[in-house]
Amino acid sequence: LIITGVAHGPLPVSDTEIPQAIELYAINPIANLSEYALGSGNDGQETILQGTADARQFLYVANDAASFNSFFFFTPDFVGTAAALNGSEAIELFRQGEGYK
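Residues numbered from 1 in each chain as written. Predicted model: local features only at pLDDT ≥ 70, side-chain atom pairs only at ≥ 80, totals over all residues. Heavy atoms only, no water.

Per the counting criterion, the structure on display carries seven aromatic pairs. Between Tyr25 and Phe58, the ring centres sit 4.8 Å apart and the planes meet at 50°, which makes this aromatic pair tilted. Within this pair, whereas Tyr25 is found in strand β2 (residues 16-26), its partner Phe58 is found in strand β5 (residues 57-62), the two being separated by 33 residues in sequence. Overall, the relative accessible area of 40% leaves Phe58 in the partly exposed class. Ring centres of Phe68 and Phe72 lie 4.7 Å apart, and the angle between their planes is 40°; this geometry places the pair in the tilted category. (Phe/Tyr/Trp six-rings, centres within 6.5 Å; stacked < 30°, edge-to-face > 60°. Helix = DSSP H or I, 4+ residues; strand = E, 2+ residues; numbered from the N terminus. Buried < 20%, exposed > 50% of the residue type's maximum accessible area, 1.4 Å probe, protein only.)

Right, dumping it as structure tokens:
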């Protein structure tokens, strides 16, 4: 599983811009995504993934499902605080306690 993209959308809402999302790519099949978590390094937010992934499958984690859907026209796979970005975070992908940036 690797990070392939980070989106910080152009839709102004209050003090944030939405949608905010992280794109992941499963190179090989993953039987248990709960072994993986995403973190945003500057503010300690973490999102634990769930389910399974097929080889060559993209997965999307958003901070808000409705805004992600209205912008990208599909529903994210996960919603979590790790995707609540302001542009200065280090995005981290963890597997069983090992950090990958």
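Attention now moves to the pairing of strand β3 (residues 36-40). The element β3 is extensively covered by neighbouring structure, given that five of its five residues are classed as buried. Of the two faces of β3, the one carrying Tyr36, Leu38 and Ser40 and the one carrying Ala37 and Gly39 are both buried. Sheet topology note: the β3/strand β7 (residues 91-95) ladder contains five bridges and is antiparallel. Considered in β7, the bridge of Ala37 is made with Phe94. Note: β3 against strand β4 (residues 45-48), four bridges, orientation antiparallel. (Pairing = 2+ DSSP bridges.)

What follows covers unusual backbone geometry. At Arg56, a residue that is not glycine, the phi angle is positive and equals roughly 65°. Considering the arrangement of structural elements, one finds Arg56 in the loop between β4 and β5. For Arg56, a relative accessible area of 64% corresponds to the exposed category. In this structure, Phe73 is a non-glycine residue whose phi angle is positive, near 70°. Secondary-structure assignment places Phe73 in the loop between α1 (65-72) and β6 (78-79). Of the residues examined, Phe73 reaches a relative accessible area of 71% and is grouped as exposed.

Ranked by internal contacts, the top residues of the largest apolar core, which has 18 residues, are Leu1, Leu24, Leu33, Leu38 and Leu49. Sorting the residues of this core by element identifies β2, β3, β5 and β7 as the ones contributing at least two each. Per-element accounting of this core gives the leading share, three residues, to β2. (Core = buried A, V, L, I, M, F, W, Y, C linked by side-chain atoms within 4.5 Å.)

Counted by the stated rule, this structure contains one salt bridge. Among the salt bridges present, the one from Arg95 reaches Glu35, with a minimum N-O distance of 3.2 Å. Note that Arg95 is positioned in strand β7 and Glu35 in the loop between β2 and β3, a separation of 60 residues in sequence. (Salt bridge = Lys/Arg side-chain N within 4 Å of Asp/Glu carboxyl O.)

Mean pLDDT over the protein: 84, with 84% of residues reaching 70 or higher. Taking the mean pLDDT of every element in the protein, the minimum, 50, falls on strand β8 (residues 98-100) and the maximum, 96, on β5. (pLDDT = per-residue confidence, 0-100.)

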